[in-house]
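Below are the chains, spelled out letter by letter.
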Amino acid sequence: MEKEKRGSILLEIVILLLSLLVVVPIGYIFLSSIKTPAQIHVPLAMPTEFFTGNFETVLRRVNLPRIYFNSVLVAVVSIFFLIALSSLASYSLARAKNKMFTVIYIIFLSGFMIPFQSGMLPLFTLIRSLGLMNKLGALNVVQIGTFLSFAILIYTGFIKSVPRELDQAALIDGCGLIRTFVFIIFPLLKPATVSVIVTTLVFIWNDFMNPLLFITTTNKMTLTIGMYSFMGEHRSDYGPIFALAIFAIIPPVILFLSLQRYFYKGMVAGSVKG
Amino acid sequence: MKMSLERKTMLGYFLLTLPALFVFLMIVYYPFINSIFYSFTDWSGISLHKNFVGLENYAALPDDKLIKAGIWNTILIGLYAAIIQNVLSLALALALDSKLRLQGYYKAVFYIPCLFSILIISPIFGNIFQYSGLFNALISQIGFSHLAEDWFGTIRTALPMLMLTNSWQWVGFGSVIYLAGLQSIPPDYYEAGHIDGATKLQAFFKITFPMLMPSVTILTFLNLVNGLKTFELPFVLTNGGPGYATETVGTVIYELGFRQGKMGYASAISVVFFSVIAVVSILQLKLTRSREVEL
């Protein structure tokens, strides 16, 4: 018993030390962001004062409120439409007993096998020919398309577990398909909806490739592109990058800390079906 | 009368899938099918002319040093993620599954890196592991200054460093999935094993591991495919260098397609890449699924 207790304390210490591997680099961002350019080159030096120059450089070189707004807008609009389109489609895929719907379901799921890079070049020409270059709408439509497979997988699985009698009764009473879905089924899908939101939100917020491909003007930049603009081929401007990184980290981390349970559950839900 | 109502409902169901289907086909399938088409042409991406060149692009792939390096690195990253990173996640999950005082804290801390953008991770790691960076300063403090290296700028270390950076971001995510799997195993199973005199090691291989197989399937699959798709990290952090040390299939497609104006040629790689991902996904799922415990 005594030996077991000592073992568990040892394990606790080992894991606590391991967690430093995560905590130290994150702390390093915060410390570096308030270091002067001279101090940044001495990695072990602690900041001697709260140096605000890096934040001032960020505000001077990029329009921070604007790019923040762009990032939020892309995330919110994309997720709204993603949920609307995927939950409606999933309702049909879960309910309709017909070969055709099985085929449509498989088409959606096959999206998991198509890597982004395989369609990257023609997607670029498609967006260009649609006149969507430098429009946030381009990012929205691409994000929706990219995450439909995932969202439909989650929703279809979930709707199958909702008793059929609920909507059949409404349909027989003459309630339309869309009304039945919106008023009876959709409110029951909250856990699935939260899963879809927390999982895709982080990816959309952090997305770098799509804005890199489709956005070139500064007033349509998102946060990731803003950070990229401080990185050079040979020398990066680390102070401002770290200052800007703090702004990019805060929203997903706060969301995660307040909705932890849903993050973990969402992952498990997503991993059950595969 | 009943027939027509059913048919009407079917039509209704079909109409509900249309908006999603339209966006999906436009954003995922249309570009992908176009890739196949471009791969048989010499299109530059900008010019109005495309000439049909048959299999010429495909025939040129095996002799291209850049492509060979990209494919080889991509395979290494994929295998590393599917095997080593996966084992690390499992080990961490097993450690977290015991009675720890700060379990909630550990779970959150190890999960947090996967919330970060590559644009945050790249400067952190690029800065810490540069020649004058934190890591070298730390090892010099404890007397290993002769090991100091420009970790991402040296051909020998750049790719392993890239894999480790990836692991820093994703090991915790994997361990949370494993942890959920571990905690769903009924304790009676262990009790029964204990009564029958099973050792801890036996209990792991006869109870834990088989019961965990669904999580193993999904994580092996996720790690392998995400490893093969590695793109943003080398693109931002090392730009494929030094030399071709961190080129992946993704960075090669971008380099050839967008920077060198060889859309047709780059599309040929995309198509090969897709085929590999598709075959790997199907194979992998079949292999691990067959070993799952049916409950």
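Fair warning: this is a prediction, and the values are worked out from it, not measured in the lab.

**Digging into the overall build of chain B**
- Of regular secondary structure, chain B possesses 13 helices and zero strands.
- Ordered by position from N to C terminus, the α and β elements of chain B give α-α-α-α-α-α-α-α-α-α-α-α-α.
- Computed over C-alpha atoms, the radius of gyration of chain B comes to 24 Å, more than 25% over the 19 Å expected from 2.2 N^0.38 for 295 residues, which places it beyond the range of a compact globule.
- Principal axes of the C-alpha set define a box for chain B whose edges measure 85 × 75 × 30 Å.
- Going through the 295 residues of chain B one by one, you find that 55% of them count as buried.
- Long-range pairs, those at least 24 residues apart, make up 67% of the contacts in chain B between residues at least 6 apart in sequence.

**Regarding the interface of chain A and chain B**
- With 94 residues of chain A at the contact, the number on the chain B side is 91 residues.
- Regarding the contact of chain A and chain B, the summed buried area is about 7,900 Å², with carbon and sulfur atoms giving 78% of it.
- Viewed at the interface, chain B and chain A are joined by zero salt bridges.
- At the boundary of chain A with chain B, the tally comes to 14 residue pairs in polar contact (both at pLDDT 80 or more).
- For the side of chain A that touches chain B, the leading source of residues is helix α1 (residues 2–33) of chain A, giving 15 residues.
- In terms of residue class, the side of chain A that touches chain B is built from 69 nonpolar, 18 polar and seven charged.

**Focus: the environment of Leu44(A)**
- Structurally, the position occupied by Leu44(A) is in the loop between α2 (37–40) and α3 (53–61).
- When the C-alpha positions of Leu44(A) and Tyr28(A) are compared, they lie 9.9 Å apart, and in sequence the two are 16 residues distant.

**Looking at the nonpolar core**
- With 178 residues, the main nonpolar core has Tyr91(A), Leu148(A), Phe214(A), Tyr111(B), Leu115(B), Phe116(B) and Ile120(B) as its most contacted residues.
- Those residues within four positions of Phe214(A) in sequence are excluded, and the remaining contacts are Leu123(A), Phe124(A), Ile127(A), Met133(A), Asn134(A), Ala138(A), Leu139(A) and Val142(A).

**Thoughts on the environment of Ile139(B)**
- Looking at the element boundaries, Ile139(B) is found in helix α6 (residues 134–141).
- Considered as a pair, Ile139(B) and Val87(B) are 52 residues apart in the sequence and their alpha carbons are 27 Å apart.

**Some thoughts on helix α12 (residues 249–259) of chain B**
Residues and elements named next belong to chain B.
- Burial analysis of α12 places eight of its eleven residues in the buried class, which makes it a mostly covered element.
- Buried within α12 we find Val 249, Gly 250, Thr 251, Val 252, Ile 253, Tyr 254, Leu 256 and Gly 257.
- With its phi angle positive at about 60°, Gly 261 sits one or two positions after the end of α12.

**Structural notes on the packing of aromatic side chains**
- By the definition in use, this model includes 41 aromatic pairs over all chains.
- The interplanar angle of 20° and the centroid separation of 5.9 Å between the aromatic rings of Tyr238(A) and Phe242(A) together place this pair among those described as stacked. Here Phe242(A) and Tyr238(A) lie together in helix α13 (residues 238–258), a separation of four residues that amounts to about one turn.
- For Phe242(A), a relative accessible area of 0% puts it in the buried group.
- Arranged with centres 6.4 Å apart and planes meeting at 40°, the rings of Phe40(B) and Phe52(B) form a pair that is tilted. Taken together, the residues span a long stretch of sequence, with Phe40(B) in the loop between α1 (2–38) and α2 (56–60) and Phe52(B) in the loop between α1 and α2 at a distance of twelve residues.
- One aromatic cluster in this structure is built from Phe124(A), Phe208(A), Tyr228(A), Phe231(B), Phe235(B), Tyr254(B) and Phe258(B).
- Stacked on the ring of Tyr262(A), the Lys or Arg Arg261(A) has its end atom at 4.9 Å from the ring centre.

**Some words on helix α6 (residues 116–129) of chain A**
Residue and element names in this part refer to chain A.
- For α6, spanning 14 residues, the distance from its first C-alpha to its last is 19 Å, which sits close to the expected 20 Å at 1.5 Å a residue.
- At Pro 122, α6 shows its maximal bend, which comes to roughly 40°.
- When you tally the buried positions in α6, you get eleven out of 14 residues, the bulk of the element.
- Burial in α6 covers these residues: Gln 117, Ser 118, Gly 119, Met 120, Leu 121, Pro 122, Leu 123, Phe 124, Thr 125, Leu 126 and Ile 127.
- Of the residues flanking the end of α6, it is Gly 131, one or two places downstream, whose phi is positive at about 70°.

**Describing unusual backbone geometry**
- Look at Asn134(A): it is not a glycine, yet its phi comes out positive at around 60°.
- Assignment of secondary structure puts Asn134(A) in the loop between α6 and α7 (136–160).
- The buried category is assigned to Asn134(A), whose relative accessible area is 19%.
- At Asn239(B), a position not held by glycine, the phi torsion is positive, near 55°.

**A look at the pattern of salt bridges**
- Going through the model one piece at a time under the given rule, you end up with four salt bridges over all chains.
- Its salt-bridge partner being Arg95(A), residue Asp167(A) comes within 2.8 Å of it at the nearest N-O pair. Remark: Arg95(A) occurs in helix α4 (residues 64–95) and Asp167(A) occurs in helix α8 (residues 164–172); sequence separation between them is 72 residues. By the burial criterion, Asp167(A) is buried, and Arg95(A) matches it.
- In this structure, the salt-bridge partner of Glu255(B) is Arg259(B), at a minimum N-O distance of 3.2 Å. With Glu255(B) and Arg259(B) both in helix α12 and four residues apart, the pair spans about one turn of that helix.
- Taking the relative accessible area as the measure of exposure, Arg259(B) reaches 43% and is therefore partly exposed.

**Considering the confidence of the model for chain A**
- With 95% of its residues at a pLDDT of 70 or more, chain A has an overall mean of 86.
- Within chain A, α4(A) carries the highest mean pLDDT (93), whereas helix α14 (residues 260–273) of chain A carries the lowest (65).

**Points about the side chain of Thr246(B)**
- Among the secondary structure elements, Thr246(B) is positioned in the loop between α11 (232–237) and α12.
- Judged by its relative accessible area of 0%, Thr246(B) is buried.

**Some details on the packing of helix α3 (residues 65–96) of chain B against helix α10 (residues 213–228) of chain B**
Residue and element names in this part refer to chain B.
- Look at α3 against α10: their axes get within 7 Å of each other, and the N-to-C directions meet at 155°. The orientation of α3 relative to α10 falls into the category roughly antiparallel. Every pair of crossing elements has a handedness; the one defined by α3 and α10 is right-handed. Listed contacts from α10 to Thr 74, Ile 75, Ile 77, Gly 78, Leu 79, Ala 81, Ala 82, Gln 85 and Asn 86 of α3 are Val 216, Leu 219, Thr 220, Asn 223, Leu 224, Gly 227 and Leu 228.

**Some words on the packing of α13(A) against helix α5 (residues 118–128) of chain B**
- Viewed as axis vectors pointing N to C, α13(A) and α5(B) meet at an angle of 140°, and their least axial separation amounts to 10 Å. One finds that α13(A) runs oblique with respect to α5(B). Helix-helix and strand crossings are classified by hand; for α13(A) and α5(B) the assignment is left-handed. Contacts between α13(A) and α5(B) involve Tyr238(A), Ile241(A), Phe242(A), Ala245(A), Ala248(A) and Ile249(A) on the former and, on the latter, Ile120(B), Pro123(B), Ile124(B), Gly126(B) and Asn127(B).

Reading guide: rules and limits
- Residues numbered from 1 in each chain as written.
- Chains lettered and ligands numbered in written order.
- Predicted model: local features only at pLDDT ≥ 70, side-chain atom pairs only at ≥ 80, totals over all residues.
- Heavy atoms only, no water.
- Helix = DSSP H or I, 4+ residues; strand = E, 2+ residues; numbered from the N terminus.
- Rg over C-alpha atoms; globule rule 2.2 N^0.38 Å.
- Buried < 20%, exposed > 50% of the residue type's maximum accessible area, 1.4 Å probe, protein only.
- Contact = heavy atoms within 4.5 Å.
- Buried area = accessible area lost by both parts, 1.4 Å probe.
- Salt bridge = Lys/Arg side-chain N within 4 Å of Asp/Glu carboxyl O.
- Polar contact = N/O pair within 3.5 Å; in protein donor to acceptor, adjacent residues only side chain to side chain.
- Nonpolar A, V, L, I, M, F, W, Y, C, P; charged D, E, K, R; others polar.
- Core = buried A, V, L, I, M, F, W, Y, C linked by side-chain atoms within 4.5 Å.
- Phe/Tyr/Trp six-rings, centres within 6.5 Å; stacked < 30°, edge-to-face > 60°.
- Lys NZ or Arg CZ within 6 Å of the ring centre and 35° of its normal.
- Expected span 1.5 Å × (residues − 1).
- Bend = angle between axes of the 7 residues up to and from the residue.
- pLDDT = per-residue confidence, 0-100.
- Axes fitted to C-alpha atoms, helices over the stretch in contact; angles between N-to-C directions.
- Parallel < 35°, antiparallel > 145°, perpendicular 65-115°, else oblique.
- Left-handed = near helix turned anticlockwise from the far one by under 90°.

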